[in-house]
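Structure assessment
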Amino acid sequence: MRVSDIISKYRAKEETPITLLDGIYEKIEKDDLNDYISLTKNIAYEEAYHSKIRHEKGMPLSDIDGVFFSIKDNIAVENIRMTCGSKILSDFISPYSATVVERIRAKGGIIVGKTNMDEFAMGSSNESSYFGPVKNPVDTSFVPGGSSGGSAASVAASHACISIGSDTGGSVRQPSSFCGVVGFKPTYGEVSRYGLTAFSSSLDTMGIISETVRDSKRVFDIIRGEDAHDSTLSSKKAGKRDYKRVGYLDAIPQADKPVEEIYGKRIEDLKKDFELVKIKMDFIDISISTYQIQTMCETSSNLARFDGIKYGLQSKSGKNLREIYSAVRGDGFGSEVKRRILIGTYFLTHNEGEYYSLSFRLRDYIANEIDKIFENIDAIVIPTSLTLPFKFNEKTSSPLQMHLSDSLTAFSNLANVPAISINGGYSNNLPCGIQLVGKRFDDDSLLEFAERAETIWRENG
Amino acid sequence: MDNFIPTMGLEVHAQVKSKSKIFCRCATDFSEKPNTNICPICMGFPGVMPSINEEVVKKAVKAGMALNCRINLRTGFARKNYFYPDLPKGYQITQFKVPVAENGFVILSNGKKIRIRRLHIEEDTGKMIHDQNEDTLIDFNRAGVPLIEIVTEPDFESSAEAVEYMNRIREILRYTEVSDANMEMGELRGEPNISVRRNMGDMLGTKTEIKNLNSLKAIEKGIDFEIERQSRLLKEGREVLSETMLYNEKKQEVIPMRKKESASEYRYFIEPDLPDLIIEEAFIESVKKEMPELPEEKRVRFIKQYNVSRIESEILSSEKSLADFFEEAIKNIKQTKRCVNFFIREIPAILNSKSIDSAELKFSASDFNELLREIDSESVNLNSAQIVLSEMSEGRGKAEEIIERMNLKQTNDDFKAMELIKEIIEENPKEVERYKKGEEKLFGVLVGLCMKKAKGSISPAAINKILKEMLK
Ligand SMILES: [Zn+2]
């Protein structure tokens, strides 16, 4: 479902926001992908009604007026339940809205519902959700990727036009690759995080999932920019420029064969319009451990607030505080979340947190290496994921194997650079995303390059 | 116990005077109905982020400068992680490695320099309330209220020094308007850490910390009890444990509360939701411009300018508002000594008896200046002035009106009487001496002598009044 298609239907008076919304809710029910945790029918129909009137008067608020959004369930929408895919928040209703949600609604965007996700965004297959796994709309026996699995599935299945997800180490890009849609992670500091339940605050970014690059760009322009609630935003801007030189890897040792094949073909496709430069990315291995340490440390602190005192799972009781905490947190968190909290707590306690300090030095190193690469080229093109979508329960028994899913995506969070995944093609009917990575704060130029690459790849079939 | 030497440091928490909390826009008044001054941010709801209240940074810098600290131009925030129901996020946002200010000092009246190790900004926690049914309730109104923490080196050797230091800190924070520093309201809290050792050359002993000291009296007693307790333990050959002690006012004792935590148990790390705090030189300059004359500077000036004693200058400068009131009131006065004395004798007494501060008086400094001018020009005597003042402090008019209404102006008669009485006093030293020692009937004798000498040229009322005044 593309924005331009919807808008032209409104203009032609073929459809109204209400009729399309009826269709979406019907399809969600019929497809039964479990991509939504909560449907927000009340607010959606109210917004659709107002949008319909504005379109009838020929006075839409913006080019996303009447466009359907799904919101990952770790992003706050006022008066709507926000579970973060966890039992511990299964009855939590947010008293406020995230800045991105406010901006979308102020421009007439309609929120269809809150999408399923790996618990607290920790996972790469959406199988750690308390609300059950999401089926990949491309083939329902496969996982949709994660952690924004519900978001990517909702866009791929036309259950929403755009989805707002979160990307800490690839959580928007990897499921977009698995579901065959576009997933954009902007530079850290471009889009307000206010209202995004923190997983790893120094890496978390809001991300956009859509069918086309153009639609991501449209939404990016609406949600980006200054916000008094987020002081980690940056006012830095890079000047817009045309990309000419593109870096690529000539071998990706751990990648599946079909991924390498599709990647090789897409690199070939670019050779006509761009100068291709072979690059090395030796920091990929250390980026995984750096990512693990950073996220686990920060998560152990970010998730401390879920203690059953103020909200969430208050039924648990005990003789003393320690018992209440153990009961609430023991029962409320899933095993992957508990594993990461425990390891993170250990990292921060051991030797005055030397691992955490070390992870910052490694981050600096990785950022420097990336900067060096960008001295010679404008963008890096690499696969989004080492693998194609896999089947349910294929990797759940091996957390380490699951953690490897972030191999090709985590470095851009660590180095604070923007990256976008575009579908590069199919192998055995399973999609394979190709990722374009740009310089820090080069988001506008990267999106323009992504649109060109998208067109080239589409034309080459 | 005198063979043990105590060594102490103090951690002082002061509530920064600010309309809104440190990371959100909620009001800081935590005396309101429980859980009314709260929002998703200070409640730590999922997804919220802190944004620093600039006013708090400014006040912390101001306090740092007033305490002779070095201001760190690049500083930042950290998380102190621990679980407690009054801590909404499961961590407190504070400063760790680089505080906003460090390396300062305060000088005590005995000339001793108390070194300040650091001054940092942090947020307060909520408050737990235990009701009659033994339920524990939590009020989050206080959560996110801005605090500064001022930590000294272990430079105190007695509870008296600690109390004086607290007073100095209180004065400075009030002068600079960083904090109202009202101890009863919990706006200023002191937590001493104490150790004892047998000889000066010995290593410092194991230290304990005392909490719940809500007044200067409690600080003094808590410290003394703890020194005694530790000395007793060591004398008995027992060990002092590294513990946090709780002061119990009712039972007049300190009891161990819990084992002291070490820094690594708090898993400190940089607060990723806040950027580094960059303090520009221009910012420091603007704070400097706002810096008022500090209490010690004022005392030195008062001693010089108004020729008052050290103790008098301390009385006059105990509150900035009182010092300002004084300086306004004493303007254009020639007989300074006489008027300063009158001020010191009368004003603090009125403030104390009504337990108010000078701003709440029913007359202004310029009203009081009017009265001092009357004294200065000797159109009223000090006895009458006292009567005028007591009328003024009840809001019954201004000096001139009252003098008029009560007919208190010194007349021509009064001046003539003064001259004459001076002579009589000089001529009859013995009688004067005896009267002053308590032989009140001699007053009549002296009046008689004056009347005789005046030969009816001065009214008996004037002679009575002036004689009483001059024999004081
Ligand atoms: Zn608040």
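With that out of the way, let us pick up the overall build of chain A. Each helix and strand counted, chain A has 15 helices and 11 strands in total. Taken along the three principal axes of its C-alpha coordinates, chain A extends 70 × 55 × 45 Å. Across the 461 residues in chain A, those meeting the buried criterion constitute 62%. Restricting the contact set of chain A to residue pairs at least 6 apart, pairs at least 24 apart contribute 76%. Computing the positive centroid from 56 side-chain charges and the negative centroid from 63, chain A places the two 1 Å apart.

Let us now look at the interface of chain A and chain B. Contacts between the two partners involve 36 residues from chain A, matched on the other side by 29 residues from chain B. The largest share of the area that chain A buries against chain B comes from Ser231, Arg305 and Lys310 of chain A, three residues that together contribute 21% of it. Put simply, chain A and chain B have one salt bridge between them. For Arg193 of chain A, the salt bridge goes to Asp273 of chain B, with nearest N and O atoms at 3.0 Å. If you look at where chain A meets chain B, you find 16 residue pairs in polar contact (both at pLDDT 80 or more). At the level of elements, helix H9 (284-302), helix H10 (321-332) and helix H11 (335-349) of chain A are the ones that each hand at least two residues to the side of chain A that touches chain B. At four residues, H9 of chain A tops the list of elements feeding residues into the side of chain A that touches chain B.

Further remarks concern the packing of aromatic side chains. Each aromatic ring pair is described using two quantities: the centre-to-centre distance and the angle formed by the ring planes. All names here are of chain B. For the structure shown, the criterion picks out 33 aromatic pairs over all chains. Ring geometry for Phe23 and Phe77: centres 5.9 Å apart, planes at 85 degrees, overall edge-to-face. Of this pair, Phe23 sits in the loop between strand E1 (5-15) and helix H1 (54-66) while Phe77 sits in the loop between strand E3 (74-75) and strand E4 (78-81), and the two are 54 residues apart along the sequence. Neither residue differs from the other here; Phe23 and Phe77 are each classed as buried. Ring centres of Phe342 and Phe368 lie 6.3 Å apart, and the angle between their planes is 15 degrees; on these two criteria the pair is classed as stacked. Residue Phe342 is located in helix H8 (residues 336-354), and its partner Phe368 is located in helix H9 (residues 365-376); the two are separated by 26 residues in the primary sequence. Phe368 matches Phe342 in its accessibility class, with the two residues each being buried. Through a chain of ring-to-ring contacts, the aromatic side chains of Phe302, Tyr306, Phe325, Phe326, Phe342, Phe343, Phe363 and Phe368 assemble into a single cluster. The positively charged end of Arg79 is found above the aromatic ring belonging to Tyr91, 4.0 Å away from the centroid. A cation over an aromatic ring shows up here: Lys113 above the ring of Phe105, its NZ or CZ 4.3 Å from the ring centre.

Empty space within the second largest pocket amounts to approximately 1,400 Å³. Phe360 of chain A together with Ile270, Glu271, Leu274 and Asp276 of chain B are the residues nearest the centre of the second largest pocket, which is lined by 41 residues in total. Contributions of two or more residues to the lining of the second largest pocket are made by helix H12 (354-376) of chain A together with E3 and strand E15 (269-270) of chain B. No other element matches H12 of chain A, which puts six residues into the lining of the second largest pocket. The class makeup of the residues in the lining of the second largest pocket is 20 nonpolar, 11 polar and 10 charged.

Attention now moves to the packing of helix H2 (residues 159-175) of chain B against helix H3 (residues 216-235) of chain B. Residues and elements named next belong to chain B. One can describe the packing of H2 onto H3 by two numbers: an axis separation of 9 Å at closest approach and a directional angle of 155 degrees. On the basis of the axis angle, H2 is roughly antiparallel to H3. With respect to the hand of their crossing, H2 and H3 are arranged in right-handed fashion. Counting all contacts with H2, which are made through Ser159, Ala162, Val163, Met166 and Asn167, the residues of H3 involved are Leu216, Ile219, Glu220, Ile223 and Asp224. The residue inventory of the contact of H2 with H3, partitioned by class, reads six nonpolar, two polar and two charged.

Six octahedral donors around a metal ideally sit at 90 or 180 degrees from one another, while four tetrahedral donors ideally sit at 109.5 degrees. Residues and elements named next belong to chain B. Distances from the zinc ion to its protein donors, Cys24 (SG), Cys26 (SG), Cys39 (SG) and Cys42 (SG), fall at 2.3 to 2.4 Å. Bound by four donor atoms, the zinc ion shows angles of 99 to 114 degrees at the metal and therefore tetrahedral coordination geometry. Motif for the zinc ion, donor spacing along one chain: C-x1-C-x12-C-x2-C. Note that Cys24 is positioned in the loop between E1 and H1 and Cys42 in the loop between E1 and H1, a separation of 18 residues in sequence. Cys24 sits in the buried class, given a relative accessible area of 8%. A relative accessible area of 7% places Cys42 in the buried class.

With that settled, the discussion passes to the sheet that holds E15 of chain B. A sheet is described by the order of its strands in space; here three strands give the open sequence E5-E4-E15 (chain B), paired in antiparallel fashion. Of all strands in the sheet, those with a lone pairing partner are strand E5 (91-94) and E15 of chain B, marking the two edges. Sheet topology places E4 of chain B next to E5 of chain B; four bridges connect them, and they run antiparallel. By the bridge assignment, Ala78 of chain B is partnered in E5 of chain B with Thr94 of chain B. H9 of chain A rests against E4, E5 and E15 of chain B of the sheet, and its axis sits at about 65 degrees to E4 of chain B.

Paired through backbone hydrogen bonds, the strands of a sheet run either parallel or antiparallel to each other. All names here are of chain A. Read across the open sheet, the 11 strands follow the order E1-E3-E2-E4-E6-E5-E10-E11-E9-E7-E8; overall the sheet is mixed. Taken across any chain shown, the strands that pair with only one partner, and hence form the sheet edges, are strand E1 (36-39) and strand E8 (275-278). Direction aside, neighbouring strands of the sheet carry axes that sit 30 degrees apart on average. In the packing of helix H8 (residues 257-270) onto the sheet, contacts are made with strand E7 (245-248), E8, strand E9 (379-383), strand E10 (419-427) and strand E11 (430-437), and the angle to E10 comes to roughly 110 degrees.

Tracing the backbone shows Ser201 of chain A in the loop between strand E5 (182-185) and strand E6 (205-210). Here Ser201 of chain A falls in the buried class, since its relative accessible area comes to 0%. Not counting the four nearest positions on each side in its chain, Ser201 of chain A is found in contact with Tyr188, Arg193, Glu298 and Asn302 of chain A together with Arg79, Pro272 and Asp273 of chain B.

All names here are of chain A. Phe69, Phe120, Ile164, Met281, Val381 and Leu436 are the most contacted members of the largest nonpolar core, which totals 130 residues. Counting residues per element, this core draws most heavily on helix H15 (residues 443-460), at seven residues. With residues near it in sequence (within four places) discarded, Phe69 still touches Ile64, Ile104, Gly109, Ile110, Ile111, Val112, Gly113, Ala160, Ile162, Ile164 and Val219.

Residues and elements named next belong to chain B. Buried within helix H6 (residues 310-317) we find Glu312, Ser313, Leu316 and Ser317. Buried residues along H6 cover an arc of 125 degrees about the axis, so they all sit on one side. In this structure, the buried residues of H6 make contact with H2, helix H5 (295-305), helix H7 (320-329) and H8.

Confidence in the prediction of chain B, expressed as mean pLDDT, is 90, and 99% of residues score 70 or more. Confidence estimates for the predicted assembly give a pTM of 0.90 and an ipTM of 0.95.

The next subject is the pattern of salt bridges. Residue and element names in this part refer to chain B. As enumerated under the stated definition, the model contains 75 salt bridges over all chains in all. The salt bridge partner of Asp180 is Lys17, with a shortest N-O separation of 3.2 Å. On the criterion of sequence distance, the pair formed by Asp180 in the loop between H2 and strand E11 (188-197) and Lys17 in the loop between E1 and H1 is long-range, its members being 163 residues apart. On the accessibility criterion, Asp180 (32% relative accessible area) is partly exposed. With a shortest N-O distance of 3.1 Å, Glu391 and Arg396 are connected by a salt bridge. Classification of Glu391 by relative accessible area gives buried; the value is 13%. We classify Arg396 as partly exposed; its relative accessible area is 44%. Among the ionic contacts, a cluster of salt bridges with common partners joins Glu164, Arg168, Glu171, Glu296, Arg299, Arg310 and Glu314.

What counts and how
Once a new chain begins, its residue numbering starts again from 1 and follows that chain's sequence as written. The order in which chains are written sets their letters, starting at A; the order in which ligands are written sets their numbers, starting at 1. Only residues with pLDDT of at least 70 are given local features in this predicted model, and only at 80 or more are side-chain atom pairs given and counted; all residues enter the totals for whole chains, interfaces and linings. Side-chain figures throughout are based on the complete set of non-hydrogen atoms in the structure, without hydrogens or water. Where helices and strands are cited, they refer to DSSP runs of H or I of at least four residues and of E of at least two residues respectively, numbered from the N terminus. Throughout, exposure labels follow a simple rule: accessible area from a 1.4 Å probe, protein chains only, divided by the maximum for the residue type, with under 20% read as buried, over 50% as exposed, and the rest as partly exposed. The contact criterion used is simple: two residues touch if any of their non-hydrogen atoms lie within 4.5 Å. The convention is simple: Lys and Arg are positive, Asp and Glu are negative, and His and the chain ends are not counted. Here the site of a charge means NZ on Lys, CZ on Arg, CG on Asp, or CD on Glu. What gets called buried area is simply the loss in accessible area from a 1.4 Å probe that two parts show on being joined, summed for both. Within this document, salt bridges are pairs made up of a side-chain nitrogen of Lys or Arg and a carboxyl oxygen of Asp or Glu, the two lying within 4 Å of each other. Definition of a polar contact: a pair of N or O atoms within 3.5 Å, with one able to donate and the other able to accept a hydrogen when the atoms are protein atoms, and with sequence-neighbouring residues admitted only if both atoms are side-chain atoms. Pairing of aromatic rings covers Phe, Tyr and Trp, the last through its six-membered ring, and needs centres within 6.5 Å; plane angles under 30 degrees mean stacked, over 60 mean edge-to-face, and all others mean tilted. We count a charge as sitting over a ring when the NZ of a lysine or the CZ of an arginine lies within 6 Å of the ring centre and within 35 degrees of the ring normal. Think of a 1 Å grid over just the protein atoms. A cavity is a set of points where a 1.4 Å probe fits yet cannot get out, a pocket is an open set with protein on both sides within 12 Å along at least five of seven lines, and lining residues have an atom within 4 Å of a point. Grid points are joined across faces, edges and corners, and a volume is the space filled by probe spheres set on the points. Polar here means any residue other than Ala, Val, Leu, Ile, Met, Phe, Trp, Tyr, Cys and Pro, which are nonpolar, and Asp, Glu, Lys and Arg, which are charged; Gly is therefore polar. Here, axes are lines fitted to C-alpha atoms. For helices the fit covers the stretch in contact, and angles between N-to-C directions go from 0 to 180 degrees. Should an angle fall under 35 degrees it is called roughly parallel, over 145 degrees roughly antiparallel, and 65 to 115 degrees roughly perpendicular, with every other angle called oblique. Should the near helix be turned anticlockwise from the far one by less than a right angle, the crossing is termed left-handed; should it be turned clockwise, right-handed. The donor definition counts N, O and S atoms within 2.8 Å of each metal and applies 3.2 Å to Na, K and Ca; water is not among these atoms, so some sites may look incomplete. Geometry is assigned from the angles between donors: four donors with all angles from 85 to 135 degrees make a tetrahedral site, four or six donors whose opposite pairs exceed 155 degrees while the rest stay between 65 and 115 make square planar or octahedral sites respectively, and everything else is labelled irregular. One requirement defines pairing of two strands: DSSP has to find at least two bridges between them. We define a nonpolar core as any set of buried Ala, Val, Leu, Ile, Met, Phe, Trp, Tyr and Cys residues linked to one another through side-chain atoms lying within 4.5 Å. What the arc covers is the set of directions going from the helix axis to the C-beta atoms. Every residue carries a pLDDT, the predictor's confidence in it, which falls somewhere between 0 and 100.

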